[in-house]
Amino acid sequence: MRDTVDARSHFEAHFGRRSHGPRAFFAPGRVNLIGEHTDYNDGFVLPVALELGVTVVAAPRDDRTIRVHSLDLDQTAELDLDRPGAGRTGRWVDYIEGIAHIVDSRIHTLRGADLLVTGDVPHGAGLSSSAALEMATGFALLSLAGATVDRVALALAGQAAEHTFVGTRCGIMDQLVSACARAGAALLVDCRSLATEAVPLPAGPVAILVTDTRKKHALATSEYNTRRAECERGVALLGGALPGIRALRDVTEEAFAENTSLLPDPILRRVRHVVTENARTQSAAQALRRGDIAAVGASFVASHRSLQHDYEVSCPELDALVDLAVAQPGVHGARMTGGGFGGSTVSLVDESALDAVMAAVRDGYRSRFGVEPGFLVTRGGAGAREIEL
Ligand code: GLA
């Protein structure tokens, strides 16, 4: 998180001093440990919030105007809560516009606000900088309006904002973990009931290492929406044999094995990924509870191979980072994380091996792609909150 004193002076430079000083709110980005492309199939996910995220410095106004300045992009925008804008601009302000209008219409009537936004989650790294932006903004606007924040309702509003104002039919994982995470824990989410359970991360000598391909996830939106449609097709094709299924969440590994003849390629492989990934996520959560890091790591590698070959959302850069990592001593497992087609991988690495692993992965990746990957280590951050200014 950026220096908040710095953020306050930038706020005052843009919006002037207030008799009641501005307040500051923070929401984190995330890295998903396992459970990829399962959330929109009503399945299970196991993400961790980062210590990095988005900070919003905010003060109320007496009208229904929101003025927002992005410190990082040095851009300012203005919107009117009583008049939704003309539509998608493809810019960062779509997220602000989306979350403000949806929170205002669905959760609590808002008042206008001056907002200064700044973040430190790398963009395009698949670490949910946009969910962090939505959750920090929504948390700020609700707090200024005097409302108690219902974190699950806020997460749902962020998802709706993505669907309506951004155009990605995303699941609930990114917003939910950004809103609800506990420090030092992964969050097991049942994406049907939205029940969450904090699963403590091993306190000891194992680190969560995130490695950024520095390849922006190209194709992500169109391919993402295609995968979603393929999953819905899978449910329709299996529905005759398995009456009562509402989503791929309801298909067990046994039921899948008995009904493969109903599924043409590539639907068969898409369904196989989701069914096996749901099972892997639940068993990885159990292994994490009992501190069995070897088992968690093995499920990471199985997940990656399934995403690579069955779900086909990986890319050569992600595959290379996984292959380089798992070849190093001290690495328990690695996989791509997030939507895919670029972005980052997540690895479980012995603390004592971290430096050697990063050096080997950096060298191997640079000699193949001519680019240095980015690294970050997390111990699991906390969810959205007001912070001292
Ligand atoms: C993106 C979406 C999430 C989830 C992941 C894939 O991050 O925003 O809802 O579907 O992809 O697991």
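Scoring rules and cut-offs
- Residues numbered from 1 in each chain as written.
- Predicted model: local features only at pLDDT ≥ 70, side-chain atom pairs only at ≥ 80, totals over all residues.
- Heavy atoms only, no water.
- Pairing = 2+ DSSP bridges.
- Helix = DSSP H or I, 4+ residues; strand = E, 2+ residues; numbered from the N terminus.
- Contact = heavy atoms within 4.5 Å.
- Axes fitted to C-alpha atoms, helices over the stretch in contact; angles between N-to-C directions.

Remarks on the sheet that holds strand β7 (residues 185-190)
- Ordered in space as β2-β7-β8, the three strands form an open sheet in which the pairing is antiparallel. Each edge of the open sheet is held by one strand with a lone partner, namely β2 (44-45) and β8 (196-200).
- Sheet topology places β7 next to β8; five bridges connect them, and they run antiparallel. In the sheet register, L187 faces β8, and the bridge partner there is A198.
- Against the sheet, helix α5 (residues 173-180) engages β2, β7 and β8, with an angle of about 130 degrees to β7.
- Sheet strands in contact with helix α8 (residues 267-289) are β2, β7 and β8, and its direction is about 50 degrees off that of β8.

Re the sheet that holds strand β9 (residues 206-212)
- An order of β10-β11-β9-β12 is seen for the four strands of this open sheet, with the pairing classed as antiparallel. With one partner strand each, in any of the chains shown, β10 (331-337) and β12 (374-378) form the two edges of the open sheet. Sheet twist, expressed as the average angle between the axes of neighbouring strands with direction ignored, equals 25 degrees.
- Sheet analysis places β9 next to strand β11 (residues 344-350), joined by seven bridges and oriented antiparallel. Residue pairing in the sheet places D212 in a bridge with S344 of β11.
- Together, β9, β10 and β11 form the strand contacts of helix α9 (residues 293-309), whose direction differs from that of β10 by roughly 35 degrees.

No statement about biological role is implied by the geometric values presented.
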